[in-house]
Amino acid sequence: VQLIKDTDGRVTSIVMRKPFDMHHHVRDGEMLKVIAPMLARRFAGGIIMPNTSPPIVTAKQVGDYRKRLLDETGEDFTPLMTMYLTDTLDCDEVMEASKLHDMFGVKYYPRGLTTNSDSGVADPASLWTPGTRPYEVLQTLSRIRRTLLLHAADGFDRTGKELNPYEQEPHFIRETLPRIKDAHPHLKISVEHLSTIEGADYMQSNGDAFLGCSLTSQHLLLDTRDLHRGGFNAHRSWFPIIQGEEHKERLLALAKKGLPFVWLGTDSAPHPVSDKEAACCKGGVMMVHAGIELYAEAFDKAGALANLEDFASKNGPNFYGVQQSNDTITLRRQSWTVLENFSLPVADGADPRSGVVRPFRLGEQVEWQLAA
Ligand code: NCD
Ligand code: ZN
C-alpha cells in the first residue's frame, strides 16, 4: 500500500491492491446487469450470495449464475460462488459445485430473519445435530475445506421465546456459534456482517485460520441515531439491524487493528424502491456504487488508512485460499455527491417504483473517490 500525504501529513490518496468484496448480492436479470460493472470496477473478485429467487441449491444453478455474472463483469473478475443452506440441500450437489464451478461456501440463513430467507434452516439445532441434512452438509464442507458463511442471528431463545431484534446476533454468538464449532472442529467459518460488541469481542478472542468475519461499511459508519433521526429511514434499513453507537465504535476498533481474520464484505443488497418504501420495508441497501470508497471514509475516521489494504485486499482472499489481485486501485480524498437513482425496465402496468433502485447516500456526499 502507498499512502500519499500533503505537507500537513494528511493522506490525500491511497494506492492499493484491488480489493475483494467478501459479501455481495448481485441479484439476477436486469438488476445484475446494472450492478456487475460497478462491482468489477472496484473489486477484483468476491463472494456472490445465493439468496436469489429461487435460491442457488444445485451445481448447475451455480455454474449458470456464475456465467451470467461473468458475461457482465468480464473474465478479470473472480466470482467466489456460494450455495444456500436449506433443510434439504444435497451434499453431492455441494461437492460437484465446488469441483466444477468455483463454489467456495454455503450460506446459512435462519428462516424468516432476513430477505429471501423463507428457504432457510428452520431449526438452528440442526447445525450441530447428527442425522439432519444441514449437519451432513457441514460435515461435507469440513471435508472439502469450503466455508460455512453465517447470517449470525437467532430468532428465539432456548425456551422458545422470540428475541428482541437487537439481541439476535449476541444470542447467536453466545449460544449457537460455539455449538457449531464444537460439532465441526475442522470447519472453516465466516461470520457475516458482524454488528455487535458481543460479536466483535468473540471474534477478537477466537478468530484464527478457521474462523473469521466480514464487516460492512454501514455498520462502521452508522448507528441507531442515523436510522431514527426525524423518523425511521427505510433507506438505511439492513439485516442485521444497525445498533447503538457503542457497537459501531467497537466494530471500528476491531476493523482498524488489521487482524488477518477480519475482512471487507459490503453486503450491498439492492432492492427496488417499491420494496423499500413499503408497509414492511425490506432489509438491504445498494452500496456497490461506493463499495470501497465508504470503507476509506471509515478507516480514515479511525486513523487507520494504513490497514485498509490488508482488510480489503488480502485477508479475505487469504482466508478463502484465492490469489490476491495484482492490479491496483487509487482512492483520492475528494468528496462527491451521489446524484442519481439507478433504473430498471418496468413491466407493463407495474408500480413505476419497481424500476428504481436508490443507492446509499443519495443526495449526500462521499468523502473518497475512486480514480478512473
Ligand atoms: C440481504 C438481501 O437483501 O438479500 N439484506 C440485508 O439487509 N443484508 C440479505 C442478507 O444479507 O441478510
Ligand atoms: Zn447479505
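Owing to the predicted nature of the structure, the values given are computational and were not obtained by experimental measurement.

Undergrad: I'd like a rundown of the packing of helix H1 (residues 29-42) against helix H2 (residues 59-73), residues and numbers included.
TA: Between H1 and H2, the shortest axis-to-axis distance is 8 Å and the interhelical angle comes to 65°. Handedness of the crossing formed by H1 with H2: right-handed. Contacts from Leu-32, Lys-33, Ala-36 and Ala-40 in H1 reach Arg-68, Leu-69, Glu-72 and Thr-73 in H2. Classifying every residue of the contact of H1 with H2 by side-chain character gives four nonpolar, one polar and three charged.

Undergrad: Explain H2 to me, using residue names and the numbers behind them.
TA: Compared with the 21 Å implied by 1.5 Å per residue over 15 residues, the 21 Å span of H2 between its first and last C-alpha is a close match. For H2, the full list of buried residues reads Ala-59, Val-62, Gly-63, Tyr-65, Leu-69, Leu-70 and Thr-73. Projection of H2 onto a plane perpendicular to its axis shows the buried side chains occupying an angular sector of 165°, all on one side. Those residues of H2 that are exposed and angled more than 90 degrees off the buried face are Lys-60, Lys-67 and Asp-71. Where H2 is buried, its residues touch H1, strand S4 (45-48), strand S5 (78-85), helix H3 (91-100) and strand S6 (103-108). Within two residues after H2, Gly-74 carries a phi angle of roughly 85°, on the positive side.

Conventions and cut-offs
Residues numbered from 1 in each chain as written. Chains lettered and ligands numbered in written order. Predicted model: local features only at pLDDT ≥ 70, side-chain atom pairs only at ≥ 80, totals over all residues. Heavy atoms only, no water. Axes fitted to C-alpha atoms, helices over the stretch in contact; angles between N-to-C directions. Helix = DSSP H or I, 4+ residues; strand = E, 2+ residues; numbered from the N terminus. Left-handed = near helix turned anticlockwise from the far one by under 90°. Contact = heavy atoms within 4.5 Å. Nonpolar A, V, L, I, M, F, W, Y, C, P; charged D, E, K, R; others polar. Expected span 1.5 Å × (residues − 1). Buried < 20%, exposed > 50% of the residue type's maximum accessible area, 1.4 Å probe, protein only. Arc of directions from axis to C-beta.

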